[in-house]
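Examination of the molecular architecture
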Amino acid sequence: MSSDTLAKIPTAADTPEPADAPRIVPQRRYGQWAAAVVVLVLLGLAVNSVLRNKAFQWDVVADYFTTDSVLRGLWLTLWLTAVVMVLGFALGTLLAAFRLSANPVLRAVGWGYVWLFRSIPILVQLLLWFNIGALYPQVLGVKTVDLLSPVAVAIVGLTLHEAAYAAEVVRGGILSVDRGQIEAAQALGLSRWRRWRRIVLPQAMRAIVPPAANMLIGTLKGTSIVSVIAVNDLLFSAQLIYHRTYQVIPLLMVATLWYAVVTSVLGIGQYYVEKHYARGTENAR
């Protein structure tokens, strides 16, 4: 067919519409636009109120935002978060293996651990570990007071607490993998390790990463509770300053802004990790 012939073929754009054809009018969403305007106005009023309220003392916030004591507290918060997440997920993975085991004793132990540590509030757990010397004055000939410093108590308490939730995250991720794919890998003669590394783990990570990232952010903010046992984290550092200067609100804003900055960075990291594991799926973006 020649180019001249193709040029004469009418296209959909060239075909005239019938005279009685209904006119397509886009739906007008007046309610949504009105709601958006109201939200923007309220948001603007709230921001204006915060910025112009002299009680926040933004000049004091700027003065203390990068002081050495605050930065040391921030560093301890980040270090504590990293240690607790690594240890918590290591123990949580073991507990998930227990819960998925064919051995009824291991399943019962895994279930009992998760039930116990999810039932007790983290503040109660920390206070119990902080006062463990009342129950066990000595462990292996060493005084408990010397063995467990406030930082060690924070690591133990937070790790045991996080492991219970990490176990359920890992178990849910493993159960999300289609059993048929594992059976197909077995039929191909893949070893158990290769099945886990090449089939199970990449797919399980798609279900594990989002809740694990939320746990990371939650752990970062949750470390502020260790201030009750005098661990010199970010919040406790701010408290030490405002107990001396009586500038409570500005120092609380310093801690708040640092938490917001770090959680924002973690949120960006979460986006790219999720994008990496979502490759090849319709959820990739």
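Conventions used here
- Residues numbered from 1 in each chain as written.
- Predicted model: local features only at pLDDT ≥ 70, side-chain atom pairs only at ≥ 80, totals over all residues.
- Heavy atoms only, no water.
- Buried < 20%, exposed > 50% of the residue type's maximum accessible area, 1.4 Å probe, protein only.
- Helix = DSSP H or I, 4+ residues; strand = E, 2+ residues; numbered from the N terminus.
- Contact = heavy atoms within 4.5 Å.
- UniProt positions renumbered as here; feature names shortened; annotations may be inferred.
- Phe/Tyr/Trp six-rings, centres within 6.5 Å; stacked < 30°, edge-to-face > 60°.
- Axes fitted to C-alpha atoms, helices over the stretch in contact; angles between N-to-C directions.
- Parallel < 35°, antiparallel > 145°, perpendicular 65-115°, else oblique.
- Left-handed = near helix turned anticlockwise from the far one by under 90°.
- Nonpolar A, V, L, I, M, F, W, Y, C, P; charged D, E, K, R; others polar.

A separate point is unusual backbone geometry. Unlike most non-glycine residues, Gln57 shows phi in positive territory, near 50°. For Gln57, a relative accessible area of 29% corresponds to the partly exposed category. Even without being glycine, Tyr246 reaches a positive phi, approximately 65°. Examined against the element boundaries, Tyr246 turns out to sit in the loop between α11 (234-245) and α12 (248-277).

Glancing now at the side chain of Thr263. You can see Thr263 is positioned in helix α12. On the basis of relative accessible area, Thr263 is assigned to the buried category, the value being 19%. When sequence neighbours within four positions are dropped, the list of residues in contact with Thr263 reads Ile217, Leu220 and Lys221.

Under the UniProt annotation, the feature "transmembrane region" (unreviewed entry) is placed at residues 33-51, 74-98, 110-130, 215-236 and 248-273. Helix makes up 100% of residues 33-51 and strand 0%. Its end C-alpha atoms lie 27 Å apart. Taken end to end, residues 110-130 comprises 90% helix and 0% strand; its first and last C-alpha atoms sit 25 Å apart.

This next bit is on the packing of aromatic side chains. Taken as a whole and assessed by the stated rule, the structure comprises 5 aromatic pairs. Ring centres of Phe56 and Trp58 lie 5.4 Å apart, and the angle between their planes is 15°; this geometry places the pair in the stacked category. Residues Tyr271 and Tyr272 carry aromatic rings whose centres are separated by 5.1 Å and whose planes lie at 80° to one another, so their mutual orientation is edge-to-face. For Tyr271, a relative accessible area of 32% translates into the label partly exposed. Owing to a relative accessible area of 52%, Tyr272 belongs among the exposed residues under this scheme.

On to the packing of helix α4 (residues 68-100) against helix α5 (residues 104-119). At a minimum axis distance of 7 Å, the contact between α4 and α5 shows a crossing angle of 130°. On the basis of the axis angle, α4 is oblique to α5. By crossing handedness, the relation of α4 to α5 is classed as left-handed. Residue-level inspection shows Leu91, Leu95, Phe98 and Arg99 of α4 in contact with α5, the latter providing Leu106, Arg107, Val109, Gly110, Trp111, Tyr113 and Val114. Looking at side-chain class alone, the contact of α4 with α5 contains 8 nonpolar, 1 polar and 2 charged residues.

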